[in-house]
Amino acid sequence: MRWASALSEDPGTPQAVAEAVAALRRELGGERADLVVAFVSPHHRAAAADIPALVAAELPGALLVGCTGGGVIGAGHEVEMAPFHLDTTDLPAASAPPPTWHAAIGVAPQARPKFLLLADPLTLDAGALLAGLDVAYPRSSKFGGLASGGMAPGANRLFLRDEVFRSGIVGIALSGNLRVETIVAQGCRPIGRPMLVTRCQGNVLFELDQRPPLEWLGELHGALPPRDRELFRHSLFLGLEMKEDEVEYRAGELLVRNLVGIDRASGTIAVGAHLKQLQVAQFLLRDARTATEDLTRLLERYRAS
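Caption draft 1: Structural detail: the nonpolar core. Formed by 24 residues in total, the largest nonpolar core has its most connected members in Ile191, Leu208, Leu236, Leu238 and Phe283. Mapped by element, the contributors of at least two residues to this core are strand 10 (195-201), strand 11 (204-208), helix 5 (213-223), helix 6 (226-234), strand 12 (236-241), strand 14 (268-271) and strand 15 (280-286). With four residues, helix 5 is the single largest residue contributor to this core. Apart from the residues within four sequence positions on either side, Ile191 is in contact with Leu220, Leu224, Phe232, Leu236, Gln282, Phe283, Leu284 and Leu285. Of all hydrophobic cores here, the second largest spans 17 residues; its members include Leu86, Leu117, Leu124 and Tyr137.

Below you can see the structure in the form of structure tokens.
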């Protein structure tokens, strides 16, 4: 089995697809592409409807799955692929019995599928999705990411085969002679101190340690050095504690989530995750150096294991 990746920075959508595909063909050495995973920067959003046809013309027969992203990095045996798209109305409840999930996804658990998932956090509760999949497919890996680049529901794009969606989730269930090892390098470092979510509703954060989150952000910004103030403008995230079954919070065990909206009048922020009362939260900055160090450390640990 061969894998290849390519990146095009051409501002024209047809030209960018053609350039990336040409690089993929060189890396694949003439082998046919079966699966294309495409991440598209937001400035291509106006031409998003054309992307499936452009890919199909360049790589006929390949299955396309992908989404828009605020930041894009690129550079043997039979495997079965079962693609699917679920909208909010199609998603079973997280507590639904496994057969309900099997029917929605269209994949039997006996196949031991590995799930590549790309979700729009503005229109779908990714946490509920993963909770349901964990119950329905407990022995399966789930990996992927959240579509980004848009600031309002319907602004992101999801790609599957020849269709473009503005909401929900697209995914592929991989099964067969394929082994998946997952490594998560979040590449973020904390700023400020850990705090408790003291008031929230859904994905809207009203208070951290009994104060509006924008008040905390104002104080943080004033205390940062110039380089971090620049990162603050475009690479600010919120980290949330991941393990609900542990009473004690452990530093560094944070799930990184996007800030998807701000209400300056009330001082509240919207987060790309479902929030919970008394959950530990901390603001984070992502930069290239931290991401490189994080990924290198994790890959070296994996190689030594």
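Caption draft 2: Layout of helix 7 (residues 288-304). Given a rise of 1.5 Å per residue, 17 residues ought to cover 24 Å, and the 24 Å separating the end C-alpha atoms of helix 7 matches this to within 8%. For helix 7, the full list of buried residues reads Thr290, Asp294 and Leu298. Projected onto a plane normal to the axis of helix 7, the buried residues spread over an arc of 55° and lie on a single side. In helix 7, the exposed positions angled more than 90 degrees off the buried face are occupied by Ala288, Arg289, Arg303 and Ala304. In this fold, the buried residues of helix 7 make contact with strand 9 (188-190).

Caption draft 3: Structural view of the pattern of salt bridges. For the coordinates displayed, the defined rule picks out 14 salt bridges. One salt bridge connects Asp134 with Lys142, and the closest N-O pair in it is separated by 3.0 Å. Between Arg233 and Glu230 there is a salt bridge, with the nearest N and O atoms lying 3.3 Å from each other. With a gap of three residues between them, Arg233 and Glu230 both fall in helix 6, about one helical turn apart. Taking relative accessible area as the criterion, Arg233 reaches 66% and is therefore assigned exposed.

Definitions and limits used
Residues numbered from 1 in each chain as written. Predicted model: local features only at pLDDT ≥ 70, side-chain atom pairs only at ≥ 80, totals over all residues. Heavy atoms only, no water. Core = buried A, V, L, I, M, F, W, Y, C linked by side-chain atoms within 4.5 Å. Buried < 20%, exposed > 50% of the residue type's maximum accessible area, 1.4 Å probe, protein only. Helix = DSSP H or I, 4+ residues; strand = E, 2+ residues; numbered from the N terminus. Contact = heavy atoms within 4.5 Å. Expected span 1.5 Å × (residues − 1). Arc of directions from axis to C-beta. Salt bridge = Lys/Arg side-chain N within 4 Å of Asp/Glu carboxyl O.

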